[in-house]
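Architecture and fold: a report
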Amino acid sequence: HYSGLEEAVYRNIQACKELAQTTRTAYGPNGMNKMVINHLEKLFVTNDAATILRELEVQHPAAKMLVMASHMQEQEVGDGTNFVLVFAGVLLEFAEDLLRMGLSVSEASYSHITVIEGYEKACKKALEILLDLVCCSAKNLQDVEEVASLLYTSVMSKQYGNERFLAKLIAQACVSILPDSGHFNVDNIRVCKIVGAGISASSVLHGMVFKKETEGDVTSVKDAKIAVYSCPFDGMITETKGTVLIKNAEELMNFSKGEENLMDLQVKAIADSGANVVVTGGKVADMALHYANKYNLMLVRLNSKWDLRRLCKTVGATALPRLTPPTLEEMGHCNSVYLSEVGDTQVVVFKHEKEDGAISTILIRGSTDNLMDDIERAVDDGVNTFKVLTRDKRLVPGGGATEIELAKQITSYGETCPGLDQYAIKKFAEAFEAIPRALAENSGVKANEVISKLYAMHQEGKKNVGFDIEAEAAAVKDMLEAGVLDTYLGKFWGIKLATNAAVTVLRVDQIIMAKPAGGPKPPSGKKDWDEDQND
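Conventions and cut-offs
- Residues numbered from 1 in each chain as written.
- Predicted model: local features only at pLDDT ≥ 70, side-chain atom pairs only at ≥ 80, totals over all residues.
- Heavy atoms only, no water.
- Phe/Tyr/Trp six-rings, centres within 6.5 Å; stacked < 30°, edge-to-face > 60°.
- Helix = DSSP H or I, 4+ residues; strand = E, 2+ residues; numbered from the N terminus.
- Buried < 20%, exposed > 50% of the residue type's maximum accessible area, 1.4 Å probe, protein only.
- 1 Å grid on protein atoms, 1.4 Å probe; cavity = no way out; pocket = protein on both sides within 12 Å on 5 of 7 lines; lining within 4 Å.
- Points joined across faces, edges and corners; volume = space filled by probe spheres on them.
- Nonpolar A, V, L, I, M, F, W, Y, C, P; charged D, E, K, R; others polar.
- Domains from an automatic or database assignment.

1. Details of the packing of aromatic side chains
Overall, the coordinates contain 9 aromatic pairs when judged by the stated rule. Arranged with centres 5.9 Å apart and planes meeting at 85°, the rings of Phe 210 and Phe 350 form a pair that is edge-to-face. Residue Phe 210 is located in strand β5 (residues 203-210), and its partner Phe 350 is located in strand β11 (residues 345-351); the two are separated by 140 residues in the primary sequence. Each member of the pair, Phe 210 as well as Phe 350, carries the same accessibility label: buried. The interplanar angle of 80° and the centroid separation of 5.6 Å between the aromatic rings of Phe 428 and Phe 432 together place this pair among those described as edge-to-face. On the accessibility criterion, Phe 428 (0% relative accessible area) is buried. Given a relative accessible area of 0%, Phe 432 falls into the buried group.

Rendered as structure tokens:
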């Protein structure tokens, strides 16, 4: 029999293990996809842990801790969410084994405290060792080929088979907008998805692409000067209602003519300011459209304020709240604006020829929406990896090489610790084996064989040797030579957040939820339900 405290800890651990097991089979390039149907009945087919967790409604409070750690990793690094879940799940699994062992009779009821101390010591040591495992650094983030080779691992885990092509696309988009200051903004890479063709037809455009048609007759403008309005492209309407008394036909003609002349003057003033493209955030009136065609203005309507803001940023324009002629400072510029057809979808392209544009768009093609959504997630991970590299250029070997080396060194460290926490430290080291084990299992290879081979190579001092995912049998190879590299920051935060989440769950001995008390609900019927029916 366990004490009440231990029973509560076991229940929490069980919930977390089940959650970690869900995403473990999705780990790595050969991971299985999950079909998630969210509360709105939208279907997701993906092996991206961040998406799976975002769409699952996790109810158990302890399991929510792991979800929060995973979200933190998503915000901090943008990739490695599955690593956090798998690693935290295994840490809790081993903690359960240690608690069942009881660690020692005298401290039976406080054994979880010893486990926590051991895990925290081991985590601190792991982050120290991680510094020594850095195998190389990114040299030049302006070189597309080099950047593509560094993004390759991140994209490979989501789109195995298309990773080289996609990594090159992402690298081109990121390098083209990387400012000299080195401050890279993830929002400056846009994704436009258009059904049709195949993945290999995807491309990068400097500038922005909108799935819209132009409003007027003009469909192409070179050397565009752009006026952006956040209001509808229409005549001004008075705030209050006015009544006009018309006595004869002539007055009626003059009244409508006055409105036409006013609209004519407004559109002519915009055309005279030098603008040849008008972008509006509201509806376009028929009369305004007529005069826009008369003065050869290209008209584009964008319903989204977000898109309008982004366009202003791209072309350097200021969004005007009223139909006033723009000054030179308020106008935006780009090389060309044109209506194009991709597949059977009409798109308007705002194109920047110069390489250092403010925004790049990756145009994704694919046969189904689900497939393109998954490619978009791979692009997001690639772009986030690039952002991490602009902050810290250090890289560690992937494919389980870093994890096995950490496991080896932390086990040795555990043997030098005199207290009871050495058991927890050794279990922490063993937990790192879960990563190469998951890679091997998802590739259909015997995991124990892979891990013993990895340990053998690492004992010889070959720190960069990891699991060879492409071999048919259990094989290992040098990850640095193969180009399979993970970011140092991604691993650093992954280990830290997973350990924090596991320790937090272990510290909980009771879950108290604010809910109405149980018991039968009062019957909702007639007021006199308890009176005798025969009266």
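2. What to know about the layout of surface pockets
Once rolled over the atoms, a probe with the size of a water molecule shows which space is left empty. Reported here for the largest pocket is a volume of approximately 770 Å³. As for the largest pocket, its lining consists of 45 residues, of which Tyr 27, Thr 153, Ser 154, Ser 157 and Asp 486 are closest to the centre. If you list the elements that add at least two residues to the lining of the largest pocket, you get α4 (81-101), α6 (144-156), α11 (369-391), α14 (434-442), α16 (479-482), β16 (485-487) and α17 (488-507). Element by element, the count of residues in the lining of the largest pocket is highest for α6, at 5 residues. Here the residues of the lining of the largest pocket are counted per class, giving 19 nonpolar, 15 polar and 11 charged. Approximately 260 Å³ is the volume attributed to the second largest pocket. Looking at the second largest pocket, the residues that line it are Val 186, Asp 187, Ile 189, Arg 190, Val 191, Lys 193, Arg 310, Glu 376, Val 379, Asp 380, Val 383 and Asn 384.

3. Digging into the domain arrangement of the protein
Looking at the protein, the domain boundaries give domain 1 (4-136 + 396-507) and domain 2 (209-351). Using only C-alpha atoms to locate each centre, domain 1 and domain 2 end up separated by 56 Å.

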